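Examining the three-dimensional arrangement
For reference, the chains in residue letters:
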Amino acid sequence: MFGWFRKKSVTREADTEAFRLGERVAQEIFASFDHFMKSRFCGLHDNYLNVLRGNFQTDIGITDAPPMTAARIHYEIFLDEVSYLKQKMNDEVAHHMNSWIEIADETGCRPHLEQFFQQEVSKFCDDLAIAGRTLFTDYAIPLKDADVSWRKVYPELAEKFPEK
């Protein structure tokens, strides 16, 4: 009935081609994101841990405060830095991936893409925080031994730093 009014049905070939095109765009987006993450942030993980490791090694030999107290402070600073890094990474990813985000906006999947980027950045930072905690655990015995020795050598100073 009313042939001029009927909608043309989408052919299976056109449907398949649209799917392939969308799949290719998604692959390019994720490849671009992956390349950016590796080129920009790959060494950052090890750099942050090396700084924390250096702080712990220094804390073992300090004389003006208990080594364990100093290590706890350095670990808290490390966690604050990781939290700051997360926001900075999210900003850099959004800036670098802006052209892809605009394409995703046109296709209606921008929220999904932004959520993916934020999840990946969160995963990176969570892994870094866990690695920092593991590093702290690895240094716990030498730090505790140094702390006990320090408290014996500096009993007057130790009174200012009660043990937890």
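For the structure, see preceding data.
Glancing now at the overall build of the protein chain. When you go through the protein chain residue by residue, the secondary structure sums to five helices and zero strands. The N-to-C order of helical and strand elements in the protein chain reads α-α-α-α-α. In terms of overall dimensions, the protein chain is more spread out than a globule: its C-alpha atoms have a radius of gyration of 26 Å, far above the 15 Å expected for 164 residues. Counting only C-alpha atoms and orienting by the principal axes, one finds that the protein chain spans roughly 100 × 25 × 25 Å. Here the protein chain holds 164 residues, and the buried ones make up 30% of them. Residue pairs in contact within the protein chain that sit at least 24 positions apart in sequence constitute 79% of those at least 6 positions apart. In the form shown here, the protein chain has an accessible surface area of approximately 11,500 Å², with 56% of it arising from carbon and sulfur atoms.

A few words on the packing of helix 2 (residues 67–96) against helix 4 (residues 110–153). Between helix 2 and helix 4, whose axes approach to 9 Å, the crossing angle comes to 170°. Taken together, helix 2 and helix 4 sit at an angle that is classed as roughly antiparallel. Partitioned by chemical class, the residues of the contact of helix 2 with helix 4 number 21 nonpolar, five polar and six charged.

With that settled, the discussion passes to helix 2. Look at helix 2: 42 Å from first C-alpha to last across 30 residues, which is about the 44 Å you get at 1.5 Å a residue. For helix 2, the complete set of buried residues consists of Pro67, Met68, Thr69, Ala70, Ala71, Tyr75, Phe78, Val82, Leu85, Met89, Asn90 and Val93.

Turning our attention to the packing of helix 3 (residues 98–107) against helix 4. Orientation of helix 3 relative to helix 4, taken along the N-to-C sense of each, is 145°, at an axis distance of 7 Å. Taken together, the residues of helix 4 that come into contact with helix 3 (itself represented by Trp100, Ile101, Ala104 and Asp105) are Arg110, Leu113, Glu114 and Phe117. Of the residues assigned to the contact of helix 3 with helix 4, the class counts are five nonpolar, no polar and three charged.

Cut-offs used in this document
- Residues numbered from 1 in each chain as written.
- Predicted model: local features only at pLDDT ≥ 70, side-chain atom pairs only at ≥ 80, totals over all residues.
- Heavy atoms only, no water.
- Helix = DSSP H or I, 4+ residues; strand = E, 2+ residues; numbered from the N terminus.
- Rg over C-alpha atoms; globule rule 2.2 N^0.38 Å.
- Buried < 20%, exposed > 50% of the residue type's maximum accessible area, 1.4 Å probe, protein only.
- Contact = heavy atoms within 4.5 Å.
- Areas by Shrake-Rupley, 256 points an atom, 1.4 Å probe, with all protein chains shown as cover.
- Axes fitted to C-alpha atoms, helices over the stretch in contact; angles between N-to-C directions.
- Parallel < 35°, antiparallel > 145°, perpendicular 65-115°, else oblique.
- Nonpolar A, V, L, I, M, F, W, Y, C, P; charged D, E, K, R; others polar.
- Expected span 1.5 Å × (residues − 1).

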